Amino acid sequence: MDSVILRAKNLVKDFTKGNERISVVKGVSLDISQGDCIAIMGSSGAGKSTLLHLLGTLEKPTQGELFYHENRNQNLWNLSDESLSQFRNQNLGFVFQFHYLLPEFSALENVMMPALIGGHDSSWAEKRARELIDFVGLKHRVNHRPGELSGGEQQRVAIARSVMLKPKLLLGDELTGNLDSDNSKKVVDLILELNKNFGIAVLLVTHDHEVASRMKRVLTMKDGKIISS
Ligand SMILES: Nc1ncnc2c1ncn2[C@@H]1O[C@H](COP(=O)(O)OP(=O)(O)O)[C@@H](O)[C@H]1O
Ligand SMILES: [Mg+2]
């Protein structure tokens, strides 16, 4: 698995509602390799967000294993919660449909946040955050709070924040879901640049054909399974 960054083996996720058990992810195996740029499409309820949470170690599967290339024999689920959150902080970036920026902080402070939480040097963090804000085209908005930014600008700040600590893999869930087509295009342009210029592997779940068609590989999820590649 030399070029494989993340390997998922037979992931299964069941939820229990009352005394009913529903199976949401039904045995998904997937390799994400360096340079990959993957869309997972599928209609609402197919299990896309649940799968993304499993791949991002935000949720634990009912069954299945997840391996990371630097530690290929270690199933990530065997790590302690603390090691797992450290793993996420160091290796993965996330962008969701809602930006989850902190309203009391400026764009700059929001982008710096993962570094500050991770205990990195604050002058290094500020320098890198300024570069990233410039990279996402928001140099003139660096001191604005999220409430003073448009939806597209907020999402670009969230993207800058997601790559603050140089993740190997960026996971996005309907990240253009709240944007008009112009802003959606800008956000996807950025994602593609991150993939191309910084070599960050990308996996986006989306039900937007326009977004998916710009990725290098499109997988389809239906009823908890990946049915095509
Ligand atoms: N925490 C949960 N508890 C119970 N059911 C859930 C939970 N999360 C998701 N589901 C169910 O799993 C199915 C798939 O959800 P989701 O992964 O969000 O699909 P998608 O992102 O493709 O729309 C839905 O029927 C949803 O109601
Ligand atoms: Mg979803």
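Thresholds applied
Residues numbered from 1 in each chain as written. Chains lettered and ligands numbered in written order. Predicted model: local features only at pLDDT ≥ 70, side-chain atom pairs only at ≥ 80, totals over all residues. Heavy atoms only, no water. Helix = DSSP H or I, 4+ residues; strand = E, 2+ residues; numbered from the N terminus. Rg over C-alpha atoms; globule rule 2.2 N^0.38 Å. Buried < 20%, exposed > 50% of the residue type's maximum accessible area, 1.4 Å probe, protein only. Contact = heavy atoms within 4.5 Å. Areas by Shrake-Rupley, 256 points an atom, 1.4 Å probe, with all protein chains shown as cover. Lys, Arg positive; Asp, Glu negative; His and termini not counted. Charge placed at Lys NZ, Arg CZ, Asp CG, Glu CD. Pairing = 2+ DSSP bridges. Axes fitted to C-alpha atoms, helices over the stretch in contact; angles between N-to-C directions.

Student: Whenever I open this one, the overall build of the protein confuses me. Can you help?
Tutor: When its secondary structure is counted, the protein shows seven helices and nine strands. For a compact globule of 229 residues, the expected C-alpha radius of gyration is about 17 Å, and the protein comes in at 17 Å, within 12% of that figure. Judged by the C-alpha coordinates and their principal axes, the protein covers about 50 × 40 × 35 Å. With 229 residues in all, the protein has 49% of them scored as buried. Long-range pairs, those at least 24 residues apart, make up 70% of the contacts in the protein with a sequence separation of at least 6. When the accessible surface of the protein is totalled, it reaches about 11,300 Å², and 46% of it is carbon and sulfur. Side chains of the protein carry 28 positive and 27 negative charges; the gap between the two charge centres is 3 Å.

Student: Explanation requested: the sheet that holds strand E7 (residues 201–205) in the structure shown.
Tutor: In any sheet, the strands associate via hydrogen bonds between backbone groups, in a parallel or an antiparallel arrangement. Pairing within the open sheet is mixed, and its six strands lie in the order E5-E6-E7-E3-E8-E9. Of all the strands in the sheet, the pair left with one neighbour each is strand E5 (92–95) and strand E9 (225–228). Strand after strand, the sheet turns through a mean of 25 degrees between neighbouring axes, direction not considered. Pairing of strand E3 (residues 37–41) with E7 involves four bridges; the strand directions are parallel. Opposite Ile 40, over in E7, you have Val 205 as the bridge partner. Across the sheet, helix H2 (residues 81–91) is in contact with E5 and strand E6 (169–173); its angle to E5 comes to roughly 80 degrees. Packed on one face of the sheet, helix H6 (residues 181–198) meets E3, E6 and E7 and runs near 150 degrees to E7.

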